Amino acid sequence: MMICAFVDDYINKKLIPSDSTLEQVQESNKQAGLPNINVSSTHGKLLYLLAKLKGAENILEIGTLGGYSSIWMARALSETGKLYTLEFNPDFAKIAEQNFQLAGYQDKVEVIVGNALDTLPILEEKKLLFDLIFIDADKVNYPHYLKWSLKLANPGALIIADNVVRDGNIIDELSDDVHTKGLQQFMDLLVNNPAIDSTAIQTVGNKGYDGFMIGIVK
Ligand code: SAH
Ligand code: DHB
Ligand code: MG
């Protein structure tokens, strides 16, 4: 195991109190056979802290899986705040809904099942706007998710995207991997984009080497 995984354990022990709800969620996801691709606890807590810093009232997540990251972010919401999360796989969405019930968030969190490219227009029709958008679904469609996020963002909204480094594959200009190509196009859309001020941070830990794009909508 890499040293950064041990350091992640250390940070967990020191700074992230054990939490029976999130532990149960992890366990249900494992039992249900969900892929182990949720954010780590240290990064889940970072999402929570950023949502809190932003004072986010409305949060959008693209890519629910079992709702682990959703629960972290929903914890930063006020009494009246709401989180919408989009999931393509109805089996995953069902597990996520059970987890939201377990966390007591059945009224605070809404899962919208379907291809995000088809369900994002529903949010637009409802005239919903968001203070924080977390992009974490299929990497091929990240360029579309960025365009939609800019459309659905309040001024000053925070946009965060997971997996923008992918073990360093992002810099492989000759890559023929569709996911990497999607992420590269996503990054290209951010360069000199007058609508958003952005950076990316590399993330390491018990989930390997990856990165978050973090941007603020102008
Ligand atoms: N945010 C989650 C992890 C999401 S994994 C967490 O950290 O806990 C990515 C999810 O995106 C998977 O559940 C996958 O089914 C979903 N997904 C993939 N393509 C999608 C699409 N086109 N529309 C909506 N969801 C999609
Ligand atoms: C994958 C997706 C993710 O969102 C992630 O954080 C890690 C892996 C994947 O599709 O392999
Ligand atoms: Mg991810």
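Rules used throughout
Residues numbered from 1 in each chain as written. Chains lettered and ligands numbered in written order. Predicted model: local features only at pLDDT ≥ 70, side-chain atom pairs only at ≥ 80, totals over all residues. Heavy atoms only, no water. Buried < 20%, exposed > 50% of the residue type's maximum accessible area, 1.4 Å probe, protein only. Helix = DSSP H or I, 4+ residues; strand = E, 2+ residues; numbered from the N terminus. Pairing = 2+ DSSP bridges. Right-handed = clockwise from strand over helix to strand, strands pointing away. Donors = N, O, S within 2.8 Å, 3.2 Å for Na, K, Ca; no water. Core = buried A, V, L, I, M, F, W, Y, C linked by side-chain atoms within 4.5 Å. Near = heavy atom within 4 Å. Polar contact = N/O pair within 3.5 Å; in protein donor to acceptor, adjacent residues only side chain to side chain. Areas by Shrake-Rupley, 256 points an atom, 1.4 Å probe, with all protein chains shown as cover. Nonpolar A, V, L, I, M, F, W, Y, C, P; charged D, E, K, R; others polar. Phe/Tyr/Trp six-rings, centres within 6.5 Å; stacked < 30°, edge-to-face > 60°. Lys NZ or Arg CZ within 6 Å of the ring centre and 35° of its normal.

Draft legend 1. Local environment of the pairing of strand S2 (residues 82-87). Burial within S2 is extensive, with five of its six residues counted as buried. For strand S1 (residues 58-62) and S2, the ladder comprises five bridges, and the chain directions are parallel. What sits directly across from Ile 62, in S2, is Leu 86. Across five bridges, the pairing between S2 and strand S3 (residues 109-113) is parallel. Each residue of the ladder has a partner; that of Leu 86, found in S3, is Ile 112. Handedness of the crossover is the feature at issue here: the chain leaves S2, passes through helix H5 (residues 90-102), returns alongside S3, and the resulting connection is right-handed.

Draft legend 2. Focus on the coordination of the magnesium ion (ligand 3). Within the protein, the atoms that donate to the magnesium ion (ligand 3) are Asp 136 (OD), Asp 162 (OD) and Asn 163 (OD1), at distances of 2.0 to 2.1 Å. Site description for the magnesium ion (ligand 3): donor spacing in sequence, D-x25-D-N. Assigned by exposure class, Asp 162 and Asn 163 land together as buried.

Draft legend 3. Molecular detail of the nonpolar core. Judged by nonpolar contacts, the single largest core of 31 residues is most densely connected at Leu 60, Ile 62, Leu 120, Leu 123, Ile 135 and Phe 186. Sorting the residues of this core by element identifies S1, S2, helix H6 (116-125), strand S4 (130-135), helix H7 (142-152), strand S5 (153-162), helix H8 (178-190) and strand S7 (210-217) as the ones contributing at least two each. Of all the elements, H7 adds the most residues to this core, at five residues. Within the second largest apolar cluster, 30 residues are counted, among which are Leu 47, Phe 134, Leu 158 and Phe 212.

Draft legend 4. Layout of the site of ligand 2. Residues in close proximity to ligand 2 include Ile 37, Asp 136, Lys 139, Asp 162 and Asn 163, which together make up its full environment. A distance of 3.1 Å is found between an oxygen atom of ligand 2 and a side-chain nitrogen or oxygen belonging to Asp 162. With respect to ligand 2, the side chain of Asn 163 contributes an N or O atom lying 2.7 Å from an oxygen atom. Protein coverage of the free-state accessible area of ligand 2, which is 290 Å², stands at 59%. Its residues assigned to classes, the shell around ligand 2 comprises one nonpolar, one polar and three charged.

Draft legend 5. Examining the packing of aromatic side chains more closely. Per the counting criterion, the structure on display carries five aromatic pairs. Note on Tyr 84 and Phe 130: the rings are 6.0 Å apart at their centroids and 80° apart in plane angle, and the pair reads as edge-to-face. Here Phe 130 lies in strand S4 and Tyr 84 lies in strand S2, a separation of 46 residues in the sequence. When sorted by exposure, Tyr 84 lands in the same class as Phe 130, which is buried. Ring-pair connections join several aromatic residues into one group, and the members of that group are Tyr 142, Tyr 145 and Phe 186. Above the face of the Trp 72 ring, Arg 75 is positioned so that its terminal group lies 6.0 Å from the ring centre. The ring of Trp 148 carries Lys 151 above its face, with NZ or CZ at 4.3 Å from the centroid.

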